[in-house]
Amino acid sequence: MISEPRRPRRRSGGGGGYVFLEDGTRFDGELCAAGGAVTGEVVFNTAMTGYQEALTDPSYAGQVITFTYPLVGNYGVRAEAMESDRPQARAVIMREPHDDVPPGAEGGWLAWLRKHDVPAIGGVDTRALVRHIRDAGAMRGGIFPASVGEDEARGLVDAEPPMAGADLARTVTPEEPIRIDGDGPHVVGIDTGIKRSIVRQFRQRNCRLTLLPCSADADGVLAEEPDLVFLANGPGDPAALDYVVGTVRELVGKRPVVGICLGHQLLCRAVGLETFKLPFGHRGANHPVKDLESGRIEITSQNHGFAVRGPGGEERLEADEPVHWSTDFGAAELSHLNLYDRTVEGLVLKDVAARTVQYHPEAGPGPHDARHLFDEFLELAA
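The structure presented is a predicted model; accordingly, all values stated were derived computationally and were not measured.

Draft legend 1. Fine view of the packing of aromatic side chains. Summed over all chains, the structure comprises nine aromatic pairs. Look at Phe374 and Phe377: their rings are 6.0 Å apart centre to centre, the planes differ by 75 degrees, and that puts the pair in the edge-to-face class. In this pair, Phe374 and Phe377 are both assigned in helix H10 (residues 372-378), three residues apart and thus about one turn of the helix distant. Take Phe374 and Phe377: they sit in the same class, and that class is buried. Ring-pair connections join several aromatic residues into one group, and the members of that group are Tyr51, Tyr75, Trp109 and Trp112. Above the ring of Tyr18, the side-chain terminus of Arg26 is found at 3.8 Å from the ring centroid. For Lys277, the ring lying beneath its charged end belongs to Phe306, and the centroid distance is 5.8 Å.

What follows is the structure, encoded as C-alpha cells:
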C-alpha cells in the first residue's frame, strides 16, 4: 500500500506584521510564532541549515536573526541541536517558515518558537532585507504587529541600545562555576557564552573542563590550576569587556591561553591590539579562511560582528602572508586570513604560549574542516 505524501505544515497564521529598521526601512510579512513587539540588532545568517543551533547560540544575544536561506523549519527541532539551555536571539525573520516534523525530529520549528515565546515573522522578502543590510550595515530594528504604528515602532527601535559598547556577556555567563570531569588536560574557560558543541569537542578529547563566570579574576582562574586557559565565544562588543581583558592580561605568559571568536578578540585586546565593528559581520557556515602556514583553505562556521585591526590599524590585509604585530607580550603573527573581506581570522603569539582564531572550529553547525584546531590548542597545555 502506497501512503499519501504528508503535506508540509507551513507557517501558522499569526496576523500581519512588519520589520522596521532604524533608518525607516520597512518590510512586511506575517507573524508566525509568539506575538508582541521586539527589538534588537538586525543581522543575517547565510547558513543553509542550523536554524536551531543559531537561535540557541549565546553569541546571538541581543540580536534579531534574518535567515537568508528561504526555507526554514523543514527538518524540525531536536534536543541535540541546542547550543545552550534556551533560545538566545530575540526574534527570527524568515521567507518561508515551516513547522514540519519529519522522521528524526522531536517537534516542529514554529511550535518550538511558540513554546519558548520567541517572536518570528515569515513571508518577508529576506533577499531585499539582506541586500539592504549589506549596503547600509547591521542596525537596530525590530518585529512589530501590524497594529503597532510606525511612529511607535520607531520610538521602540530608537530606545534599543546599540551593539557597539554593549556588555552582553554578563547576560549569558553562568552564575557559578561548572565542572566537567575528565582524565586529560585541565581546561579552564572564562565563560562569556560558550556553545555546547565547543564543550563537546573538549570532552571528546577527555579534557577536564571548568567553566568560570566571566567576572572571574586572574587569581580565581589560577587557583583552578589550569593546564590551558580557554576564552569562549559570546555576544556584544569586546571593547565593553575591559574587566575580562584585564583578567586575560594577567594570565598571558603565566598559563597557555587560547581563544575562539569573542575570546580571540579579548586576547588580542589584552596584548594591546585594537578591535572594530564590521559593517554587517560574518554569520554563516560557508566562509573561506586561509591557513597561512599550510596554505590550505578551510570552509568555516562564523558568528561575529567585530574584528581585530591589522598591525597598522588597517581593517583589511591585502597580502597573503603572515604579517606581524608588536604586542605588549612580544611578537604576534597572522595565522589565518578571511578570503571574503581579508580580515584577521587568527594569530599566534611567538614569545608566549597563546593563539586564537576568529571563526568557530567546532562548527555547530557547519563544515568540520577546522576541528583539528582543538588538538593544536591542547598541544599548548602546560
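Draft legend 2. Summary view of the nonpolar core. If you look at the biggest cluster of nonpolar residues, it comprises 39 residues, and the most contacted ones within it are Trp109 and Leu113. Residues Cys214, Leu241, Leu262 and Val323 belong to the second largest nonpolar core, which totals 37 residues.

Draft legend 3. Structural context of the packing of helix H8 (residues 242-251) against helix H9 (residues 262-270). Viewed as axis vectors pointing N to C, H8 and H9 meet at an angle of 65 degrees, and their least axial separation amounts to 8 Å. Accordingly, the angle class assigned to the pair H8 and H9 is roughly perpendicular. Of the two elements, H8 crosses H9, and the hand of that crossing is right-handed. Contacts between H8 and H9 involve Val244, Val245, Val248 and Arg249 on the former and, on the latter, Leu266, Leu267, Arg269 and Ala270.

Draft legend 4. Molecular detail of the sheet that holds strand S8 (residues 120-122). Read around the closed barrel, seven strands run S1-S2-S8-S6-S4-S3-S9, paired in mixed fashion. In this sheet, adjacent strand axes meet at a mean angle of 40 degrees when their direction is disregarded. Here strand S6 (residues 91-93) runs beside S8; their pairing, made up of two bridges, is parallel. For Val92, the partnering residue across the bridge sits in S8 and is Ala120.

Draft legend 5. Seen up close, the pattern of salt bridges. For the structure shown, the criterion picks out 21 salt bridges. Between Glu22 and Arg140 there is a salt bridge, and its shortest N-O distance comes to 3.2 Å. Here Glu22 is found in the loop between strand S1 (16-21) and strand S2 (26-31), whereas its partner Arg140 is found in strand S9 (residues 139-145), with 118 residues between them in sequence. Accessibility expressed as a relative area gives 17% for Arg140, which makes it buried. The closest approach of N and O atoms between Arg170 and Asp167, which form a salt bridge, is 3.1 Å. We classify Arg170 as partly exposed; its relative accessible area is 49%. One network of salt bridges, in which partners are shared, links Lys290, Arg316, Glu318, Asp320 and Arg342.

Draft legend 6. Layout of the layout of surface pockets. The volume enclosed by the largest pocket comes to roughly 420 Å³. Lining the largest pocket are 21 residues, and of these Ser84, Ile178, Asp191, Ile194 and Arg196 sit closest to its centre. In terms of residues, the lining of the largest pocket owes the most to one element, helix H6 (residues 196-204), which gives four residues. In this structure, the second largest pocket occupies an estimated 310 Å³ of space. Surrounding the second largest pocket, 17 residues form its lining, Arg134, Phe280, Gly281, His282 and Asp341 being those nearest its centre. Considering every element that reaches the lining of the second largest pocket, the biggest residue donor is strand S15 (residues 275-291), with nine residues. Considering only residue class, the lining of the second largest pocket consists of six nonpolar, six polar and five charged.

Draft legend 7. Representation of the state of the cysteines in the model. Overall, the coordinates contain zero disulfides when judged by the stated rule. Counting only cysteine sulfurs, Cys261 is the nearest neighbor of Cys214, a cysteine outside any disulfide, at a range of 15 Å. With no disulfide of its own, Cys268 has Cys261 as its nearest cysteine by sulfur position, at a separation of 12 Å.

Draft legend 8. A look at helix H3 (residues 126-136). Listed as buried for H3 are Thr126, Leu129, Val130 and Ile133. Within H3, the buried residues cover an arc of 95 degrees as seen down the axis, which keeps them to one side. Counted as exposed and oriented over 90 degrees from the buried face of H3: Arg127, Arg131 and Asp135. The inward-facing, buried residues of H3 contact S1, S2, strand S3 (38-45), strand S4 (63-67), S6 and S15. Two residues or fewer past H3, Gly137 is found with a positive phi of approximately 95 degrees.

Cut-offs and rules
Residues numbered from 1 in each chain as written. Predicted model: local features only at pLDDT ≥ 70, side-chain atom pairs only at ≥ 80, totals over all residues. Heavy atoms only, no water. Phe/Tyr/Trp six-rings, centres within 6.5 Å; stacked < 30°, edge-to-face > 60°. Helix = DSSP H or I, 4+ residues; strand = E, 2+ residues; numbered from the N terminus. Buried < 20%, exposed > 50% of the residue type's maximum accessible area, 1.4 Å probe, protein only. Lys NZ or Arg CZ within 6 Å of the ring centre and 35° of its normal. Core = buried A, V, L, I, M, F, W, Y, C linked by side-chain atoms within 4.5 Å. Axes fitted to C-alpha atoms, helices over the stretch in contact; angles between N-to-C directions. Parallel < 35°, antiparallel > 145°, perpendicular 65-115°, else oblique. Left-handed = near helix turned anticlockwise from the far one by under 90°. Contact = heavy atoms within 4.5 Å. Pairing = 2+ DSSP bridges. Salt bridge = Lys/Arg side-chain N within 4 Å of Asp/Glu carboxyl O. 1 Å grid on protein atoms, 1.4 Å probe; cavity = no way out; pocket = protein on both sides within 12 Å on 5 of 7 lines; lining within 4 Å. Points joined across faces, edges and corners; volume = space filled by probe spheres on them. Nonpolar A, V, L, I, M, F, W, Y, C, P; charged D, E, K, R; others polar. Disulfide = S-S within 2.5 Å. Arc of directions from axis to C-beta.

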